[in-house]
Amino acid sequence: METRASTCMCVVVCVAALLSIAAAAGWDYLDGAKGPSTWATNYETCGGMKQSPIDIVTSKVVDEDLGDFTFVGFGEDDEPVDAEMTLENNGHSIVVGVTGDYQVSGAGLGTTAYKVVQFHFHWGSVNSQGSEHTIDGKAYPGELHVVCFNTKYADFVTALNEPDGLTVLGFFLDVQAADNSVLAPLFDLLSMIRFEHEEEDLSTPVVFKNFFPADLSSYYRYSGSLTTPPCYEIVTWNVFTEPIMVSEAQLMLFRRQFANEQDAPANISLVDTFRPVEPVNDRTIYMNSGTAALVASYSLIAMVLVKVLASVLED
Ligand SMILES: *[C@@H]1O[C@H](CO)[C@@H](O)[C@H](O)[C@H]1NC(C)=O
């Protein structure tokens, strides 16, 4: 009898302990008990030495010719036949799940291609904040991350345990007067998924190259982590210098999202969904000095030549 009672007691204590772990786990972007400053307590890797995002100090960046990206499936003419995109409010972000063989390679990423699994957004409550990465201390109103896993691993989940498991294409979002028309179908669905766990399919997948900025050769490269728990240090980061432009009205649609389910006792606005920058520590931040830099130096040479020619002709 006594054994039985103590077994019972143990079960009660164990369940209570498990419940308290479950309650303690979880994370958010608020200032409280689950905010970014507490992540390392529940998710050890969040306290690591190679964390993301970071502030990119342009005077310390090392120029490196990494080469251009090769994109397969990203254009209007080579879209995967089975392409599908589903938008979800997951309580932390708006995530677009991607089906179809979209692949990224080249650009010093090694010999295997990386396959897109999802893209998602980070945004602020006001235009002076929202991006995760900052450039010389300057934040943009938002940031878009295209998450890709290394196809040398079987799938995304397997890749999460490998140091070269993921690469992320990061684009800043900046504000212009006009709506971004390519992303308009995506923004149009946001009012239907304002609450956590709500999702909607895009009737036609958006074409990456149609909303990517024109210059994809100017980017920063460094080794970092997932910017949300569990913060695994497995990400080869690409932060492009040219932003994607959206309107204030489109940013407002992000700011009208909620971090809670529809029937929650209170609504929590889903805004300022960015992790503060982490220490760079001993990492080097590279910048691809590909075509953009070459074009700049060629045009400088051309200008000098024209001047020389003009002065020769004048004589
Ligand atoms: C949450 O927001 C929705 C939409 O604006 C509203 O209908 C609902 O009443 C709000 N819930 C609470 C608890 O305020």
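Basis of the calculations
- Residues numbered from 1 in each chain as written.
- Predicted model: local features only at pLDDT ≥ 70, side-chain atom pairs only at ≥ 80, totals over all residues.
- UniProt positions renumbered as here; feature names shortened; annotations may be inferred.
- Helix = DSSP H or I, 4+ residues; strand = E, 2+ residues; numbered from the N terminus.
- Buried ≥ 20, exposed ≤ 12 C-beta atoms within 10 Å, placed from the backbone.
- Contact = placed C-beta atoms within 7 Å.
- Pairing = 2+ DSSP bridges.
- Arc of directions from axis to C-beta.
- pLDDT = per-residue confidence, 0-100.
- Core = buried A, V, L, I, M, F, W, Y, C linked by C-beta atoms within 7 Å.

- The name that an unreviewed UniProt entry assigns to the protein chain is Carbonic anhydrase, with the source organism given as Patiria miniata.
- What UniProt states about the protein chain under its Function (unreviewed entry) heading is, verbatim, "Reversible hydration of carbon dioxide."
- Of the protein chain, the UniProt comment under Sequence similarities (unreviewed entry) reads exactly: "Belongs to the alpha-carbonic anhydrase family."

## Overview of the overall build of the protein chain
Point 1. Scanning the protein chain for helices and strands turns up seven helices and 15 strands.
Point 2. When each of the 315 residues of the protein chain is scored for burial, the buried share is 33%.
Point 3. Counting contacts in the protein chain only where the partners sit at least 6 residues apart, residues at least 24 apart contribute 69% of the total.

## Considering the pairing of strand β14 (residues 244–247)
Point 1. Of the two faces of β14, the one lined by Ile244 and Val246 is fully buried and the one lined by Met245 and Ser247 carries no buried residue.
Point 2. Bridge count for strand β10 (residues 166–176) against β14 is four bridges, and the pairing is parallel. Within the sheet, the bridge partner assigned to Gln176 lies in β14 and is Ser247.

## Description of the environment of Thr58
Point 1. Note on placement: Thr58 falls in the loop between β1 (55–56) and β2 (62–64).
Point 2. According to the C-beta neighbour criterion, Thr58 is exposed, with 11 such atoms within 10 Å.
Point 3. Sequence separation between Thr58 and Asp136 is 78 residues, and the spatial gap between their C-alpha atoms is 6.4 Å.
Point 4. Dropping the residues within four chain positions of it, Thr58 is found in contact with Ile135 and Asp136.

## Here we look at helix α6 (residues 248–255)
Point 1. Inspection of α6 places Gln250, Leu251 and Phe254 among the buried residues, and these make up the whole buried set. Here the buried residues of α6 occupy an arc of 100 degrees about the axis, which is enough to place them on one side. Those residues of α6 that are exposed and aimed more than 90 degrees away from the buried face are Glu248, Ala249 and Met252.
Point 2. Where α6 is buried, its residues meet β5 (94–99), β7 (114–123), β9 (142–150), β10, α4 (184–189) and β14.

## Observations concerning the confidence of the model for the protein chain
Point 1. Residues of the protein chain with pLDDT of at least 70 account for 85%, and the chain-wide mean is 90.
Point 2. Contacts for the low-pLDDT stretch residues 12–24, under 50 throughout, to residues beyond four places or in other chains number one contact.

## Here's the deal with the nonpolar core
Point 1. Formed by 59 residues in total, the largest nonpolar core has its most connected members in Val104, Val146, Cys148, Leu166, Val168 and Tyr220.
Point 2. Among the elements that line this core, the one with the most residues is β10, at six residues.
Point 3. In contact with Cys148, other than residues within four places in its own chain, are Val104, Tyr114, Lys115, Val116, Val117, Leu166 and Thr167.

## Notes on unusual backbone geometry
Point 1. In the segment running from Ser52 into Pro53, the intervening peptide bond is cis, with an omega of 0 degrees.
Point 2. Looking at the secondary structure, you find Pro53 in the loop between α2 (39–42) and β1.
Point 3. Of note, the amide linkage connecting Pro229 to Pro230 takes the cis form, showing an omega dihedral of 10 degrees.
Point 4. Relative to the helices and strands, Pro230 is located in the loop between β12 (219–224) and β13 (235–240).
Point 5. Unlike most non-glycine residues, Cys231 shows phi in positive territory, near 60 degrees.
Point 6. Following the sequence through the fold, Cys231 ends up in the loop between β12 and β13.
Point 7. With a phi close to 55 degrees, Asp272 is a non-glycine residue in the positive phi region.
Point 8. Positionally, Asp272 belongs in the loop between α6 and β15 (286–288).

## Observations regarding the environment of Phe156
Point 1. Of note, Phe156 is situated in helix α3 (residues 156–159).
Point 2. The sequence separation of Phe156 and Leu166 amounts to ten residues, and the corresponding C-alpha distance is 8.3 Å.
Point 3. Those residues in contact with Phe156 that sit more than four places away from it in its chain are Val117 and Phe149.

## Re the environment of Leu202
Point 1. The topology assignment puts Leu202 in the loop between β11 (199–201) and α5 (208–211).
Point 2. Along the backbone, Leu202 and Val96 are 106 residues apart, and their C-alpha atoms lie at a distance of 9.1 Å.

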